[in-house]
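Results of the structural survey
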Amino acid sequence: MTEHRYSAAHWGIYEIDPDPAEGRPKLRSFSLDPDPNPIGLDQLDPSVTALRIAQPAIRESWLEAGAGTNPSKRGRERFVEVDWETALDLAAGEIARIRAAHGNEAIFGGSYGWSSAGRFHHAQSHLHRFYNNVGGYVHSVDSYSLGAARVLMPHIAAGMDESNVSHTSWDVLAAHCELFVSFGGMPLKNTRVSPGGAGRHRARDGLRRMREAGARIVNISPVNDSLEDGASDEWIPIQPNTDTAMLLALAHVVLNDSRFDRSFLATHTVGFDRFLPYLTGEADGIAKTPAWAAGITGVSAARIERLAREMLGKRTMLNIAWALQRAAHGEQPFWMLVTLAAMLGQIGLPGGGYGLGYGAMNTMGSSHPRVPGPTLPQGRNAVAAFIPVARFSDMLLRPGETFRYNGGLHRYPDIRLVHWAGGNPFHHHQDLNRLRLAWEKPETIIVHEQYWNPVARHADIVLPATISLEREDLAFSTREGYLIAMRRAVAPYGNARDDFAIFSGLARRLGVEPDYTEGLDVFGWLRRLYEKNRMQVAEAGIKLPDFEEFWETGFIDYSRHDRPHVMHADFRHDPVSCPLPTPSGKIEIFSERIASFELDDCPGHPVWREPFEWLGHAESKRYPLHLLSDQPVRRLHSQLDQSPSSRAGKISGREPVYLNPKDAAQRGIAQGDVVELFNDRGRCLAGAILSEAIMPRVVRLSTGAWFDPGDDVEKHGNPNTLTLDRGTSSLSQGCSALTCLIEVRRFTGSVPPVSAFTLPEIIVKEV
Ligand SMILES: Nc1nc2c(c(=O)[nH]1)N[C@H]1C(S)=C(S)[C@@H](COP(=O)(O)OP(=O)(O)OC[C@H]3O[C@@H](n4cnc5c(=O)[nH]c(N)nc54)[C@H](O)[C@@H]3O)O[C@H]1N2
Ligand SMILES: Nc1nc2c(c(=O)[nH]1)N[C@H]1C(S)=C(S)[C@@H](COP(=O)(O)OP(=O)(O)OC[C@H]3O[C@@H](n4cnc5c(=O)[nH]c(N)nc54)[C@H](O)[C@@H]3O)O[C@H]1N2
Ligand SMILES: [Mo]
């Protein structure tokens, strides 16, 4: 019998070819995946491995002159390789020193990031578990993905963790949906991933089946290529960040249509009457009519009116991309989408209602059962101080200052030590020039990384971590249908260690190793996590094999328990016995709780507020283009940017920027030119692609090119050189990266070479 060997990544499941042809194992796509994702096939490519970190390394002047020396040289200085004993002694010594001198409140362990798939070797979980054993750490809440929605949605309908795994399944949509209207489209490129491991990629087929069954699909977005394969029947271009105005106008038409039926509002929602005077204009003198919205959105009044009337006559699913809440006042489009769906009265009906992110992950639309997965216990954090995750630079730059968050008033802690494992702030954070200044504040920065990427280069103590193909693990993602036995494919690179081993070494030095490891090795943990999960799954009525059998077989396939699913069906059927987890148990069109926070920038019902920057803004005279920094097609964030498939998409080695031909012509820019994107926050280079798929005055530069700062310009095309680092609102303090004005010009100087994929200078000490 051939042995089955699998590995999993966020982007899919891969089979490890046991018969290596080239001296290293080959990865194949999972044979049960109808639409496999090629992103992960390059994981062992020599060009990827060439950037691996082989040995612990210390920033030179930190090593020579001690913590806090020359912090402005972070990211610009040489490293000195040291052995593991030295590196762990130095790191543990710093942790002990900072704790003794300033307390655990001076340690930031928020460590946001996607890390790798695998429930045991999850880098952040280990970091949190380790620090919880030594007195705690300052943590972060929410995510860059869903900063505004995570805070808003529990007040008005249901939290995002619940929502993400309870979307109406594609089979139901195919059978019942007649009109699928998506704000921000349905970008298949994004459905390639699920956190923890995508199983069968289902969105392409889901869309196809819905179309074949006759549904009309409408894409409301500044870009038209978001419904691949020409799957949208209509593209309605809209000015970025103005969707709330369009949603209000759609609601205005619905309100005045004879078919408008208030019965669902009466039984399943609260607060419509408090919102109504705002919608009609009685409250502020501005009726939110299609004519009003046309002036803001650029969508004609007639088009808005026609669409609203069509919604009233059809089984309609209203969908929204997460990107819309990653913007100034990002709560509003989500709140208004739910409000409009409630007015249409189809929430909880098959194929109708609302969706928050079909097109953000593979998860949405799954009909796989909802079973629990294995989780590594993290323990309890003794430190209460926290930040909303995207306020990281603010925290470092403004210790002691207060910030508002979800109705509370909090204070930024004074951070001396930053410890990161499994995330890349020089990928995910906004306004990277500002981050670089903030990054000078801590005395010590410890980073566990696999690759010499921007965050490793900006650290003081660099600890090399293994990749998932070098370890054994369990992969699971809710409603992805699988539990995977992840097998080791290759030996660790150089002297890289698992994060578990690294933290065990630190725990030993700090006297807490038995608490941290509980005396178990990797297989001891895998067995324990599996057995606990097996019991939980048994409670859900599904019997799993014992660990040995599971490990031999390679995976558990839950798909024989698949069932069609309709979001909010129970609530619709009986709102009293199946209430929503909101204060009223109903959908809150007016939220007493949010109103009680008395926030100027987020009142008690959905409103249109001008974004901090947008095409209707006075500032757009200086910076006349709106920058969309969306998720990249060819990689996950910054992961595998050095791979052949990511590099194949570059132009003169730089990330492509999409421009409308009209905007390009005005600026004398031709296809393939190296261009410079700039605003007051920064400048970066990129390679121009001219495309009618992007509306005039909008440009698109995807995230993920490894940050490559030159003397005065970022050379590689990282959009966070330009983005705005400001909280979405004082309710949620989310990331507002999608609110960003810029200008573009042809680059005329001599083009500096990209250095992102060149190793930093490393001093190798003879042992
Ligand atoms: N402008 C703009 N910015 C954005 C966004 C946007 O839309 N526009 N989107 C935001 C969103 S939604 C997100 S989620 C963030 C993503 O931001 P991140 O999640 O921080 O980005 P990744 O590139 O996935 O970073 C993961 C890092 O972990 C490392 N890693 C992987 N596995 C392991 C491991 O096992 N151990 C250790 N020690 N390290 C490991 C990888 O090498 C990589 O450097 O970006 C945000 N930033
Ligand atoms: N291949 C790949 N897939 C990924 C990721 C990745 O890095 N690579 N990242 C994953 C992660 S962490 C997340 S959180 C999700 C994110 O999922 P999303 O946030 O939904 O993804 P984006 O690609 O940023 O944006 C989706 C679409 O919204 C459009 N859009 C932007 N602003 C506006 C606006 O103001 N109005 C309208 N109407 N449309 C707008 C964008 O142009 C884009 O087409 O994707 C996940 N999927
Ligand atoms: Mo995300």
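The model shown is predicted, which means the values in this text are computed figures rather than measured ones.

1. Some thoughts on the sheet that holds strand S17 (residues 417-421)
One open sheet accounts for seven strands, arranged S6-S17-S18-S19-S4-S5-S30; its pairing is mixed. With partners counted over all chains shown, the strands left at the sheet margins are strand S6 (107-108) and strand S30 (762-763), one partner each. Bridge analysis of S6 against S17 gives two bridges, and the strand direction is parallel. For Ile107, the partnering residue across the bridge sits in S17 and is Leu417. Helix H4 (residues 123-132) rests against S6 and S17 of the sheet, and its axis sits at about 140° to S17.

2. Some points on the packing of helix H9 (residues 243-255) against helix H11 (residues 272-280)
As a packed pair, H9 and H11 sit with axes 11 Å apart at the nearest point and diverge in direction by 105°. By the angle between their axes, H9 is roughly perpendicular relative to H11. Contact residues: H9 offers Leu248, Ala251, His252 and Leu255, while H11 offers Phe272, Phe275, Leu276, Tyr278, Leu279 and Thr280. Split by residue class, the contact of H9 with H11 holds eight nonpolar, two polar and no charged.

3. So, the site of ligand 2
Neighbouring residues of ligand 2: 32 residues in total, closest Lys189, Asn190, Asn241, Asp243 and Arg326. Within the contact set of ligand 2, an oxygen atom lies 2.7 Å away from a side-chain nitrogen or oxygen of Asn190. Alone, ligand 2 offers 920 Å² of accessible surface; in the complex the protein occludes 99% of this. Tallied by class, the residues present in the shell around ligand 2 amount to 19 nonpolar, eight polar and five charged. The two domains that each donate at least three residues to the shell around ligand 2 are domain 3 (147-369 + 565-596) and domain 4 (618-746).

4. Points about the environment of Cys740
Its place among the elements puts Cys740 in the loop between strand S28 (698-701) and strand S29 (741-746). The exposure class of Cys740 is buried, given its relative accessible area of 0%. Dropping the residues within four chain positions of it, Cys740 is found in contact with Glu613, Leu625, His626, Leu627, Asn679, Arg681, Leu722 and Thr723.

5. With respect to the pairing of strand S19 (residues 461-464)
Here S19 shows a buried face lined by Ile461 and Leu463 and a second buried face lined by Val462 and Pro464. Bridge count between strand S4 (residues 57-59) and S19: two bridges; the pairing is antiparallel. Residue pairing for S19: Ala57 is matched across the bridge by Val462. Here four bridges tie strand S18 (residues 444-449) to S19, and the two strands are oriented parallel to one another.

6. Here's the deal with the site of ligand 1
Lining the immediate surroundings of ligand 1 are 33 residues, of which Ser116, His428, Glu449, Asp499 and Ser638 lie closest. At 2.5 Å, a side-chain N or O of Ser116 approaches a nitrogen atom of ligand 1. Asn424 places a polar main-chain atom, nitrogen or oxygen, 2.9 Å from an oxygen atom of ligand 1. Considered on its own, ligand 1 offers 910 Å² of accessible surface; in the complex 99% of this is hidden by protein. Here the shell around ligand 1 spans two domains, and each of domain 2 (57-144 + 381-560) and domain 4 (618-746) adds at least three residues to it.

7. Points about unusual backbone geometry
Positive phi outside glycine occurs at His329, with the angle close to 55°. Judged by its relative accessible area of 8%, His329 falls in the buried class. Even without being glycine, Arg697 reaches a positive phi, approximately 70°. Here Arg697 shows up in the loop between strand S27 (683-690) and S28.

8. Focus: the packing of aromatic side chains
Geometry of an aromatic ring pair is reported as the spacing of the ring centres plus the angle between the planes. For the structure shown, the criterion picks out 40 aromatic pairs. The interplanar angle of 80° and the centroid separation of 5.0 Å between the aromatic rings of Phe426 and Trp439 together place this pair among those described as edge-to-face. One end of the pair, Phe426, is in helix H16 (residues 425-428); the other, Trp439, is in the loop between helix H17 (432-438) and S18, with 13 residues separating them in the sequence. Residue classification places Phe426 among the buried positions, given a relative accessible area of 1%. Among the aromatic residues, ring-to-ring pairing joins Phe120, Phe130, Tyr131, Tyr137, Phe500, Phe503, Tyr516 and Trp525 into one connected group. For Arg52, the ring lying beneath its charged end belongs to Tyr451, and the centroid distance is 5.8 Å. Lying over the aromatic face of Phe590, Arg274 brings its terminal NZ or CZ to 3.8 Å of the ring centre.

9. Digging into the side chain of Thr244
Along the chain, Thr244 turns up in helix H9. We classify Thr244 as buried; its relative accessible area is 5%. The residues contacting Thr244, other than those within four sequence positions of it, are Gln332, Pro333, Met336, Val607 and Trp608.

10. Details of the pattern of salt bridges
A full pass over the atoms with the stated rule returns 60 salt bridges. Ionic pairing is found between Glu480 and Arg202, a salt bridge with its closest N-O pair at 3.2 Å. Within this pair, whereas Glu480 is found in the loop between strand S20 (473-476) and strand S21 (482-486), its partner Arg202 is found in the loop between strand S8 (179-183) and helix H8 (203-212), the two being separated by 278 residues in sequence. With respect to class, Glu480 is no different from Arg202; both count as buried. Across the pair Glu548 and Arg527 runs a salt bridge, and its minimum N-O distance is 2.4 Å. One end of the pair, Glu548, is in helix H22 (residues 547-553); the other, Arg527, is in helix H21 (residues 522-539), with 21 residues separating them in the sequence. Several salt bridges converge on common partners, so that one network encompasses Glu94, Arg97, Asp414, Arg416, Lys441 and Glu443.

11. Focus: the domain arrangement of the protein
Each assigned domain of the protein is listed here: domain 1 (6-49), domain 2 (57-144 + 381-560), domain 3 (147-369 + 565-596) and domain 4 (618-746). Placing the centre of domain 2 and that of domain 3 at their C-alpha centroids yields a distance of 36 Å. Domain 2 puts 18 residues into the contact, and the matching count from domain 3 is 25 residues. Carbon and sulfur atoms make up 50% of the area that domain 2 and domain 3 hide from each other, which totals about 1,700 Å². At the surface where domain 2 touches domain 3, the tally comes to two salt bridges. Linking domain 2 to domain 3 there are 14 residue pairs in polar contact (both at pLDDT 80 or more). For the side of domain 2 that touches domain 3, the residue count by class is eight nonpolar, six polar and four charged.

Cut-offs and rules
- Residues numbered from 1 in each chain as written.
- Chains lettered and ligands numbered in written order.
- Predicted model: local features only at pLDDT ≥ 70, side-chain atom pairs only at ≥ 80, totals over all residues.
- Heavy atoms only, no water.
- Pairing = 2+ DSSP bridges.
- Helix = DSSP H or I, 4+ residues; strand = E, 2+ residues; numbered from the N terminus.
- Contact = heavy atoms within 4.5 Å.
- Axes fitted to C-alpha atoms, helices over the stretch in contact; angles between N-to-C directions.
- Parallel < 35°, antiparallel > 145°, perpendicular 65-115°, else oblique.
- Nonpolar A, V, L, I, M, F, W, Y, C, P; charged D, E, K, R; others polar.
- Near = heavy atom within 4 Å.
- Polar contact = N/O pair within 3.5 Å; in protein donor to acceptor, adjacent residues only side chain to side chain.
- Areas by Shrake-Rupley, 256 points an atom, 1.4 Å probe, with all protein chains shown as cover.
- Domains from an automatic or database assignment.
- Buried < 20%, exposed > 50% of the residue type's maximum accessible area, 1.4 Å probe, protein only.
- Phe/Tyr/Trp six-rings, centres within 6.5 Å; stacked < 30°, edge-to-face > 60°.
- Lys NZ or Arg CZ within 6 Å of the ring centre and 35° of its normal.
- Salt bridge = Lys/Arg side-chain N within 4 Å of Asp/Glu carboxyl O.
- Buried area = accessible area lost by both parts, 1.4 Å probe.

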